[in-house]
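Listed below, chain by chain, are the residues.
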Amino acid sequence: MDELSFLQTALPEDWAAYPRALMEALAQHAARLRRTVPWCAALSEEAYQQYVLCPRVNDEDLSDHRALFHSLLWERVRGLDEEEAVQQVNCWCQEHASYQAQDGRTASPLTVFRCGSGRCGEESAFLVAALRSVGLPARQVYAPRWSHCDDNHAWVEVLCHGRWRFLGACEPEPVLDRGWFNTAASRAMLVHSRTFGPAEDTKLHGPALDRQGQAVRHNQTARYAPVKTYTFRTQPGAKVSLEILNESRLIPIAQLETDAGGRVQVELGIGDVHVSAVRDGWYAETLCRGASEDGAVLALAPPEDPAQGWTEFTFRAPAPVPPVPLTGAQKQARARVRARGDRLRQKRLAGFYDPEQAGRCPGCEDLLREARGNFAQIHAFLTRDADPLREALLRALSAKDLRDAPADLLEHHLRRAAPWAGRFPQEVYVSALLNPRVALERLTDWSMPLPGAVGAVARLRGRGVPSRLRPRDGVVEIWREGAFTPFRAEQTGQAVFLRRAGEEPLYRRNWSLSRWAGDGWQDLLFSDGEWQGAFLPAQLTAGRYRILTALRLPSGDQFAARRTFLLAPGEEKEIALYLRGCETADLIAPRALPLVDGRPRAGRCALLFWLEEGAEPTEHLLNELTAAGTALRALPAEPVFFLRRRGAERQRTLRALLAGWPGARLEYPEDWDDQVESLARCLDCDPERPPLTVVCTRDGRAAYAASGYRVGEGDLLRRIAALLCGS
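Treat the numbers as computed from the prediction; the structure is a model and nothing was measured.

Cut-offs used in this document
Residues numbered from 1 in each chain as written. Predicted model: local features only at pLDDT ≥ 70, side-chain atom pairs only at ≥ 80, totals over all residues. Heavy atoms only, no water. Helix = DSSP H or I, 4+ residues; strand = E, 2+ residues; numbered from the N terminus. Rg over C-alpha atoms; globule rule 2.2 N^0.38 Å. Buried < 20%, exposed > 50% of the residue type's maximum accessible area, 1.4 Å probe, protein only. Contact = heavy atoms within 4.5 Å. Areas by Shrake-Rupley, 256 points an atom, 1.4 Å probe, with all protein chains shown as cover. Lys, Arg positive; Asp, Glu negative; His and termini not counted. Charge placed at Lys NZ, Arg CZ, Asp CG, Glu CD. Pairing = 2+ DSSP bridges. Axes fitted to C-alpha atoms, helices over the stretch in contact; angles between N-to-C directions. Arc of directions from axis to C-beta. Parallel < 35°, antiparallel > 145°, perpendicular 65-115°, else oblique. Left-handed = near helix turned anticlockwise from the far one by under 90°. Disulfide = S-S within 2.5 Å. Nonpolar A, V, L, I, M, F, W, Y, C, P; charged D, E, K, R; others polar. Core = buried A, V, L, I, M, F, W, Y, C linked by side-chain atoms within 4.5 Å. Phe/Tyr/Trp six-rings, centres within 6.5 Å; stacked < 30°, edge-to-face > 60°. Salt bridge = Lys/Arg side-chain N within 4 Å of Asp/Glu carboxyl O.

Caption draft 1: Fine view of the overall build of the protein chain. From N to C terminus, the protein chain includes 25 helices and 31 strands. Over its C-alpha atoms the protein chain spans a radius of gyration of 27 Å, differing by no more than 12% from the 27 Å that the globule rule assigns to 727 residues. Seen along its three principal axes, the alpha-carbon backbone of the protein chain occupies a region of about 75 × 70 × 65 Å. Here the protein chain holds 727 residues, and the buried ones make up 55% of them. For the protein chain, restricting intrachain contacts to residue pairs at least 6 apart in sequence, the fraction spanning at least 24 positions comes to 66%. Surface accessibility of the protein chain: about 31000 Å² in total, with carbon and sulfur atoms responsible for 50%. Side-chain charges of the protein chain comprise 92 positive and 94 negative groups, with the mean position of each set lying 2 Å from the other.

This is the structure in C-alpha cells:
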C-alpha cells in the first residue's frame, strides 16, 4: 500500500475534512524519509506506516509541519545514534515550547511550535510530530486518569533499536526512560497508545484495548506499573465501562464490549476500578477491589428506584514504585540543558509582539500579545477596516483560538453574521451568532457539516438564530423572547443543594452531579459561584441523578459517598450534600522520601518546609506555624527549612518564627526548584504551588505532604507530628 492510500484508509475522517494537498505533502515527506534516512529505512512496513507516515497522534488539529520541522532539525541529528537523536529532538522541542494549562482543544503541532506552549497532550503531540519529521518512529502514550490524584498525563515513546523507550515531552532528561511522572505512572490503572488504520503486529503495538473513532487504543500499562488480568462478566453484547474516581466523578478510562460469552478481560493496575455495564437500557455497576479481587459479575436489570440517603465507599489507589534517583552530575546536566532551552524560548517568544504594528490597533494590544506567533494574522484581521465588530469577534474567542485562527476564516465569519448585526442585544449577537466557536471543535467555515449538537448550533447561527450549548449539560439553546431557552421543549424540576456549616463544597474537587442518559451517566457542570449562602438552586431536566462526593487523602485513596435521586417535572427537592471527614491518622501514609541533601537526622521525626519567602501562601503558613509555636517546639521533631537563597531567613515573618524556634535547621539547596518539583511529583503534590511541607517518620519516610496553603495547616501539622512522635 503506497503512502497516500494508507492515509486514505487509516484516516477516513481526516481525508474528508482536510485538503488533499496536505495529505500529499505529508505522504511525499514520509516517502523521502523512507528512502534516505537509515533508521527509517530499517523499520518494518507497519512501524513505518503507523509511527512515521501517519500524521495523526491523538485528537490534535492536523498541520503542514513535517518539512519545516525537518529543515530545522536535520543538521542537529544527522549522524547521531538513535538515542542521541531522540534526546536532541526533545531539547529542540523544549527550546520552542513549554507547559501551559489551557482549554481542552488540542492545537496542532505547528501552533504549539509557533506559539511556544501547550498542555501535556499538545506538548507530546508536538514531540511525536518532530520525531516523525526526521524519521524516528514515535507515539503518544496516555494515562487517561490517574487514580491517586485528580489529573491525567500524556508522554512519548520512541522505537530505538527495536525497543520502545519513553520520555517527557519538552522536558529533557539526561537519560531515556525518565520523567517526573515515573512514580505516577507506577500507580496507573491504565496507560494506552493509539494506532490508525491497519495494525496487526501485536508485539509492536501492544494488545488492542478498544476503538475510539478512527483510532484503536492499545494497552501499555504493564510497561509502567504492576498489573494483573481482570475478568468482568455480564450479558453478551453489553457495553462495559471501566471508571476511575477522579475530580469526584467516575470517569471512564476504557469502554469495552462483552464477547459472545458475556465476558471482557483486561490488564489493569492493582487498584480499585468502578465497573458499569449497560445493554438495552438495563444497567449494573460495582466496585472492584483490585488489591483482593480479579473481576466481578454484573447482573443487568432495569434501573431501580433510588435508595434513600447516602452510601459510603472508599476508593483505593495503586501503591507507588519510586524510580532510582538521578546522580548529582545528571541533575546538574539537566539543569544546564533546561536553562539554555528556557533562555532560547523566552527570547523567541519576546520577538512575536511588534509594538509599532500593535500601535495601529489601539485597545487591542492585549489580543495581539496573546496571539504570539499568530500576530500577523490577527493584526491583518483587525486592520482590514475600522469595523468595531472585529475586536468583538476576537474577544469572543479563547486565547488558543487567537494563536491559530487565520485571518481569512475570521473574515468569513464576520461577513456571515453581518446581515443580523443590530437585531439582537450586542452581547447575544457577539457570543451566540458572530462567534465561530461553539465548543472545542476545530474552527472551520462551516461549509462541511459538523456532527451532533455542535453542528446544530452552527446551522442555527448560519441562519441568523443566536444559539449556544447550555453550559450545564450541552443542550442546544436559542435566543427567543429575551432569554436563552432549549431549542426543544423539556420538562424540568428544581433541585436545591444544601451545605452544612463549616463545609466548603468545591465542584469537581469534592463533589459532582451527573444525569442518567439511558446508556450511561452524563456529567453536569456547575460553578462554585452559584452558591447563595448555604443554598445552590438548580433548574434541571426531569430525570435520574447521581451525586458523588470525595475526600482525597495524601495516600491517594478517597473517602467517597454517593446518592441517587429522581426529579419529577415541576418538583422542587432539597438535598443536603454529605462530605465525609477523616481522622488525623487517615492522613498519614509513609512512603520513601527521594531527598539526598538535607535529609532529617536519623531517629527523629521531622518537619520539612520548602518556602518561597514573601509569597502570600508561604506568609500564611508561617503565621500559622508561629501561632502553633509553643506546641510545635514541645515535640521531639526536627524542623528543617529549605530556602531558595541565602539571606531569605531575614524576611520579616520567617525571621520572627526562627527567633522562637532555636532548634530549626536551615538548608540552601542549589537545586531548590528541582528539589521542589521532584519531591512534589513523587509525593503527589502540586510543584507549582509552594510552599511544600513534608512530615517525616523517625526512619526518614514521608508520612504526610502538602503543597500550597490551607486554613488550619499549622494545627494539622502539629497533630500529625504529635502522632508520629508518640506525644
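That shown, we press on.
Caption draft 2: Main features of the sheet that holds strand β24 (residues 543–552). Ordered by their spatial adjacency, five strands build an open sheet running β16-β25-β24-β21-β22, and the pairing between neighbours is antiparallel. Strand pairing shows two members of the sheet lacking a second neighbour, β16 (311–315) and β22 (521–523), which therefore form its edges. If you compare each strand with its neighbour and ignore which way they point, the axes differ by 30° on average. Across ten bridges, the pairing between β24 and strand β25 (residues 558–567) is antiparallel. Following the sheet pairing, arginine 546 is matched in β25 by threonine 564.

Caption draft 3: Spotlight on the environment of proline 318. With respect to the element layout, proline 318 can be found in the loop between β16 and α12 (328–350). As a C-alpha pair, proline 318 and arginine 187 span 131 residues in sequence and 5.0 Å in three-dimensional space. Not counting the four nearest positions on each side in its chain, proline 318 is found in contact with Ser147, Arg187, Met189, Ile270 and Gly271.

Caption draft 4: Local environment of helix α15 (residues 375–382). Considered for burial, the residues of α15 that qualify are Phe375, Ile378, His379, Phe381 and Leu382. All buried residues of α15 project into a common sector of 160° when viewed along the axis, lining one side. Each element contacted by the buried residues of α15 is listed here: α13 (355–358), α14 (365–371), α16 (389–395), α17 (399–404) and α18 (407–417).

Caption draft 5: Spatial organisation of the packing of helix α3 (residues 20–36) against helix α5 (residues 45–53). Contact geometry of α3 with α5 gives a least axis separation of 11 Å together with a crossing angle of 130°. Here α3 lies oblique to α5, going by the angle between them. The two elements α3 and α5 cross, and the hand of that crossing is right-handed. Contact with α3, carried on its side by Leu26, Ala27, Ala30, Ala31, Leu33 and Arg34, involves Glu45, Tyr48, Val52 and Leu53 of α5 and no other residues of that element.

Caption draft 6: View of the pairing of strand β7 (residues 208–212). In terms of strand pairing, β7 meets strand β8 (residues 215–219) through four bridges, oriented antiparallel. Residue pairing in the sheet places alanine 208 in a bridge with histidine 218 of β8.

Caption draft 7: Quick look at unusual backbone geometry. Of note, the bond from proline 690 into proline 691 is cis; its omega dihedral lies within 30 degrees of zero at 5°. Checked against the element boundaries, proline 691 lands in the loop between α24 (672–682) and β30 (692–696). Even without a glycine there, the phi angle at aspartate 280 is positive, about 55°. Inspection of the secondary structure puts aspartate 280 in the loop between β13 (273–279) and β14 (282–288). With a phi angle near 50°, glutamate 481 is a residue other than glycine that sits in the positive phi range. Summarising the element assignment, glutamate 481 is placed in the loop between β18 (476–480) and β19 (483–486).

Caption draft 8: Structural detail: the state of the cysteines. Counted according to the given criterion, the structure contains zero disulfides. Of all cysteine sulfurs, the one in cysteine 685 lies closest to cysteine 682, which takes part in no disulfide; the gap is 11 Å. Take cysteine 682: its relative accessible area is 16%, and that puts it in the buried class. Lacking any disulfide linkage, cysteine 685 is separated from the closest cysteine sulfur, that of cysteine 149, by 9.9 Å.

Caption draft 9: Here's a closer look at the packing of helix α21 (residues 616–627) against helix α25 (residues 713–725). The interhelical angle for the contact between α21 and α25, taken along N-to-C directions, is 55°, at an axis separation of 7 Å. For the element pair α21 / α25, the angle class is oblique. At the point where α21 passes α25, the crossing takes the right-handed sense. Residue-level contacts link Leu621, Glu624 and Leu625 of α21 to Glu713, Gly714, Asp715 and Leu717 of α25. When grouped by side-chain class, the residues that make up the contact of α21 with α25 number three nonpolar, one polar and three charged.

Caption draft 10: The arrangement of the sheet that holds β18 in detail. Reading across the sheet, the three strands line up as β17-β18-β19 and stay open at both edges, with antiparallel pairing between neighbours. Each edge of the open sheet carries a strand with a single partner, namely β17 (467–469) and β19. For this sheet, the mean angle separating the axes of adjacent strands, direction not counted, is 35°. Note that β18 and β19 share four bridges and pair antiparallel. Looking at the pairing, isoleucine 478 lines up with threonine 485 of β19. Contacting β17 and β18, helix α20 (residues 452–462) crosses the sheet at an angle of about 165° to β17.

Caption draft 11: Spatial organisation of the side chain of arginine 187. Within the element layout of this structure, arginine 187 appears in the loop between α10 (182–185) and β6 (192–196). Contact partners of arginine 187, with chain neighbours within four places excluded, come to His148, Ala317, Pro318, Ala319, Pro320, Ser555, Gly556, Arg591 and Asp684.

Caption draft 12: Highlighting the nonpolar core. Of all hydrophobic cores here, the largest spans 60 residues; its most connected members are Val89, Phe126, Leu131 and Leu136. Those residues in contact with leucine 131, other than ones at most four positions away along the chain, are Val86, Val89, Leu136, Ala138, Val156 and Val158. Counting residues in hydrophobic clusters, the runner-up holds 32 residues, among them Leu607, Ala648, Tyr704 and Ala721.

Caption draft 13: Spotlight on the pairing of strand β21 (residues 511–516). Across the six residues of β21, five count as buried, placing the element largely inside the fold. In terms of strand pairing, β21 meets β24 through five bridges, oriented antiparallel. By the bridge assignment, arginine 515 is partnered in β24 with tyrosine 545. As defined by bridge partners, β21 adjoins β22 across three bridges and the pair is classed as antiparallel. Pairing of arginine 515 across the sheet is with glutamine 522, part of β22.

Caption draft 14: Representation of the packing of aromatic side chains in the model. Scanning all chains against the criterion turns up 29 aromatic pairs. Both rings, one in tryptophan 92 and one in phenylalanine 126, keep their centres 5.8 Å apart while their planes meet at 40°; by these two values the pair is tilted. Here tryptophan 92 is found in helix α7 (residues 82–96), whereas its partner phenylalanine 126 is found in helix α9 (residues 120–133), with 34 residues between them in sequence. By the burial criterion, tryptophan 92 is buried, and phenylalanine 126 matches it. Plain terms: the ring middles of tyrosine 507 and phenylalanine 526 are 5.3 Å apart, the flat faces sit at 55° to each other, and that makes the pair tilted.

Caption draft 15: Main features of the pattern of salt bridges. A full pass over the atoms with the stated rule returns 62 salt bridges. Between aspartate 280 and arginine 279 there is a salt bridge whose closest N-O contact spans 3.5 Å. Classification of arginine 279 as partly exposed rests on a relative accessible area of 32%. Through salt bridges with shared partners, a single ionic network connects Asp61, Arg105, Asp401, Asp404, Arg437 and Glu441.

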